[in-house]
Every structure is written in structure tokens, then in C-alpha cells.
Amino acid sequence: MKNLLNKKIIIAIIIDFGIGGTTLNLSHYIRNNNFEAILVETFFACTLLPIIFFFLGIYKRSWRYISISDLWIYVRACLIANIFIFLFIFLFNRLENIPRLVIFLNFFILVFFTGSTRVIYRSVIERFSFFSPNSYKIPTVLLGKNENVEFFIRATERKNGV
């Protein structure tokens, strides 16, 4: 089980490595309407995003049970990552090749890409359940009359909901 966990973390780091460069180049393309070679800036974005996410504990969180409150954590992590990425680019070449609007565009695209990968992962896992073996269901009785019990019942009625 520990090897599977390490493989998932490595896959998440690789995905975030790609997302870092993709979002910077996409926001640069949206602003300038053409692709330019911003290799150093892309390198900083690719390497700093997984490092910052690692130190903020993003990889310790489960993607399978992501919710709106978890997405707020990703928004804060993306904001901090965006600040550090452009701070390092500023220290390296004073944002020579980067228009100022790219800083804001990169934040929104980064939030969209990181959030969407986590939501897509959750949808795929809920739908197909690749990582859980076929197990039998244990009948249970729930006592109570509030909406948490109703949510739990609905979740168990879904295919691989709980």
C-alpha cells in the first residue's frame, strides 16, 4: 500500500510539474496572442509549483474525497505558488519577457488547472473505482432524522459512493 501511495504522489508531482509550465505559457499566449520562447520562466514555474505544493502539504491530501473546502486550500496554495514563481522570475530577469497581466492570468489558469485535475481524478475514481477491490456490502442501520443521514444513504446508493 505504501508503494501505491508513493506512486500516486509521484504522479501528482509530475502532473503539477506539467501544469506549472502549461499555465505560464498559456497565460503568456493569451496576453501576447503568440508563443514566445520563455524557457527560463517556464523552468521556474515547472520546478517551483511542485516544491511549493509539497511544502504546503497539498500532496498529503486525498484527491478521492475533494470538496469545496479542499478547493479553497488549493486556491490559497496556487496564490502562494504564483507569488513565489513571479518573485523568482523577477529576481532572475526582472520580468523582462513577462507582461504584468500574465501574473494575474496565471493565477486564475493555475487554479482552474489544479482544481480541474483533482475533480477529474475524483470523478474517474467514483465512476470506475480502479484502485478498490471488489468487496461485499455490510448491511447497516442508521438511526436519526437529519440531513447528514440522508446524504450518507444517498452516497451509499451510488456505485462505489462510500
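Before reading on, note that the structure itself is shown above.
The following refers to the structure shown. (Residues numbered from 1 in each chain as written. Predicted model: local features only at pLDDT ≥ 70, side-chain atom pairs only at ≥ 80, totals over all residues. Heavy atoms only, no water.)

In this structure, Leu-24, Leu-49, Phe-53, Ile-85, Phe-86, Ile-89 and Ile-98 are the most contacted members of the largest nonpolar core, which totals 26 residues. Sorting the residues of this core by element identifies helix 1 (2-32), helix 2 (39-55), helix 3 (68-93) and helix 4 (101-128) as the ones contributing at least two each. A per-element tally of this core places helix 3 first, with seven residues. Sequence-distant contacts of Leu-49, that is, excluding residues within four places in its chain, are made with Asp-16, Ile-19, Gly-20, Ala-81 and Leu-110. (Core = buried A, V, L, I, M, F, W, Y, C linked by side-chain atoms within 4.5 Å. Buried < 20%, exposed > 50% of the residue type's maximum accessible area, 1.4 Å probe, protein only. Helix = DSSP H or I, 4+ residues; strand = E, 2+ residues; numbered from the N terminus. Contact = heavy atoms within 4.5 Å.)

Time to look at the pattern of salt bridges. Inspection of the entire model under this criterion finds one salt bridge. Here Asp-16 makes a salt bridge to Arg-118, at a shortest N to O gap of 3.1 Å. Of this pair, Asp-16 sits in helix 1 while Arg-118 sits in helix 4, and the two are 102 residues apart along the sequence. No difference in accessibility class separates Asp-16 from Arg-118, as the two residues are buried. (Salt bridge = Lys/Arg side-chain N within 4 Å of Asp/Glu carboxyl O.)

What follows is about unusual backbone geometry. Backbone geometry follows two general trends: most residues other than glycine have a negative phi, and most peptide bonds adopt the trans configuration. The backbone of Asn-33 shows a phi angle near 60 degrees, a positive value even though the residue is not glycine. In this fold, Asn-33 is placed in the loop between helix 1 and helix 2. Unlike most non-glycine residues, Leu-95 shows phi in positive territory, near 55 degrees. By the secondary structure assignment, Leu-95 is in the loop between helix 3 and helix 4.

Close contact between helix 2 and helix 3 brings their axes to 9 Å; oriented N to C, the two are set at 140 degrees. It follows that helix 2 is oblique to helix 3 by the angle criterion. The two elements helix 2 and helix 3 cross, and the hand of that crossing is right-handed. Across from Val-40, Glu-41, Phe-44, Ala-45, Leu-48, Leu-49, Ile-52 and Phe-53 in helix 2, the residues of helix 3 making contact are Ala-77, Cys-78, Ile-80, Ala-81, Phe-84, Ile-85, Phe-88, Ile-89, Phe-92 and Asn-93. (Axes fitted to C-alpha atoms, helices over the stretch in contact; angles between N-to-C directions. Parallel < 35°, antiparallel > 145°, perpendicular 65-115°, else oblique. Left-handed = near helix turned anticlockwise from the far one by under 90°.)

Attention shifts here to the environment of Phe-35. With respect to the element layout, Phe-35 can be found in the loop between helix 1 and helix 2. The exposure class assigned to Phe-35 is exposed, which follows from its relative accessible area of 65%. Between the C-alpha atoms of Phe-35 and Asn-25, which are 10 residues apart in sequence, the distance is 7.5 Å.

Structural measurements only, silent on function.
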